[in-house]
Amino acid sequence: DGGITQSPKYLFRKEGQNVTLSCEQNLNHDAMYWYRQDPGQGLRLIYYSQIVNDFQKGDIAEGYSVSREKKESFPLTVTSAQKNPTAFYLCASTGRVGSPLHFGNGTRLTVT
Amino acid sequence: AQSVAQPEDQVNVAEGNPLTVKCTYSVSGNPYLFWYVQYPNRGLQFLLKYITGDNLVKGSYGFEAEFNKSQTSFHLKKPSALVSDSALYFCAVRDYGGATNKLIFGTGTLLAVQP
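Keep in mind the model is a prediction, meaning the values are calculated, not measured.

Novice: Whenever I open this one, the overall build of chain A confuses me. Can you help?
Specialist: Helix and strand counts for chain A come out as zero helices and 11 strands. Each helix and strand of chain A, placed in order from N terminus to C terminus, yields the pattern β-β-β-β-β-β-β-β-β-β-β. Here chain A has a C-alpha radius of gyration of 13 Å; the compact-globule value for 112 residues is 13 Å, and the two agree. Principal axes of the C-alpha set define a box for chain A whose edges measure 40 × 25 × 25 Å. For chain A, contacts bridging at least 24 residues in sequence account for 50% of all contacts bridging at least 6. Summed over all atoms, the accessible surface of chain A reaches about 5500 Å², with 46% contributed by carbon and sulfur. On chain A, the mean spot of the 12 positive side-chain charges and the mean spot of the 10 negative ones are 5 Å from each other.

Novice: Explain the state of the cysteines here, please?
Specialist: Structurally, a disulfide amounts to a covalent bond that connects the sulfur atoms of two cysteines. For the coordinates displayed, the defined rule picks out two disulfides over all chains. The side chain of Cys23(A) participates in a disulfide bridge whose partner is Cys91(A); the two sulfur atoms lie 1.9 Å from each other. Note on the Cys23(A) and Cys91(A) pair: the S-S dihedral is about -75°, so by sign convention the disulfide is left-handed. Of this pair, Cys23(A) sits in strand E3 (residues 19-25) while Cys91(A) sits in strand E9 (residues 87-94), and the two are 68 residues apart along the sequence. By relative accessible area, which is 0% here, Cys91(A) ends up buried. Each disulfide pairs two cysteine sulfurs, and for Cys23(B) the partner residue is Cys91(B), the sulfurs being separated by 2.0 Å. Looking down the S-S bond of the Cys23(B) and Cys91(B) bridge, the torsion is -60°, so its handedness is left-handed. Note that Cys23(B) is positioned in the loop between strand E3 (19-21) and strand E4 (24-26) and Cys91(B) in strand E10 (residues 87-94), a separation of 68 residues in sequence. Residue classification places Cys23(B) among the buried residues on the basis of a relative accessible area of 0%. Overall, Cys91(B) belongs to the buried group, its relative accessible area being 0%.

Novice: How should I be thinking about the pairing of strand E12 (residues 109-114) of chain B in this particular structure?
Specialist: All names here are of chain B. For strand E2 (residues 10-14) and E12, the ladder comprises five bridges, and the chain directions are parallel. Paired with Val11 across the strands is Leu111, a residue of E12. With three bridges joining them, E10 and E12 adopt antiparallel strand pairing. What sits directly across from Leu88, in E12, is Leu110.

Novice: Help me understand the sheet that holds strand E1 (residues 4-7) of chain A in this model?
Specialist: The pairing of strands in a sheet comes from backbone hydrogen bonds and takes either a parallel or an antiparallel form. Residues and elements named next belong to chain A. Spatial strand order, E1-E3-E8-E7: four strands in an open sheet with antiparallel pairing. Lying at the two open borders of the sheet, with one neighbouring strand each, are E1 and strand E7 (64-66). Going from strand to strand, the sheet's axes swing by 20° on average, the running direction of each strand aside. Bridging between E7 and strand E8 (residues 76-78) involves three bridges; their strand directions are antiparallel. Counted as the bridge partner of Ser65 is Thr77 from E8.

Reading the values: rules and limits
Residues numbered from 1 in each chain as written. Chains lettered and ligands numbered in written order. Predicted model: local features only at pLDDT ≥ 70, side-chain atom pairs only at ≥ 80, totals over all residues. Heavy atoms only, no water. Helix = DSSP H or I, 4+ residues; strand = E, 2+ residues; numbered from the N terminus. Rg over C-alpha atoms; globule rule 2.2 N^0.38 Å. Contact = heavy atoms within 4.5 Å. Areas by Shrake-Rupley, 256 points an atom, 1.4 Å probe, with all protein chains shown as cover. Lys, Arg positive; Asp, Glu negative; His and termini not counted. Charge placed at Lys NZ, Arg CZ, Asp CG, Glu CD. Disulfide = S-S within 2.5 Å. Buried < 20%, exposed > 50% of the residue type's maximum accessible area, 1.4 Å probe, protein only. Pairing = 2+ DSSP bridges. Axes fitted to C-alpha atoms, helices over the stretch in contact; angles between N-to-C directions.

In structure tokens:
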């Protein structure tokens, strides 16, 4: 079945450590997105990529980095510079303009 | 700047009664509007969208939404609520900053359906 796979489902890290969240899709979508979800704040865009080897900052990119070396993969690194990294992270992809986003099941990151 | 608002943090409704989850938007051009549902610790699932055409849009699981241009609203509705409809609902509008499908999301409305 086609879809988006995010791993791991739960991730625990100590403060000061970088951590990478995985996102893989087999939908043959060109565009991929990373959103952060916090209670009462909806979803906020971190980074997005419309094509391989290209990506743009979203609204809250500080403290995060991404790469897009393959069409299927869009990993997100949460760096130690991110001041409040504990959150639920959602990856999404989409095809042509106007198409709905398809979401993975998220990674819940807890940093202590 | 594009934006979307969901004025209710929570909506309570009895099973079998009609439900409405409200959404208003602000865009600089013609809006592309979406509704998504999220169950606990899961990703968002697409319910329906409006791009053009009929103002009443039908979607998954018996949900529908009415696009009202004069009131800049896109309320989600269902004639008869089920307990299994209890979830977090998000309204979203396409961000017109470039030829992308970037979406701007509302803060979400928690729907609680009582048996």
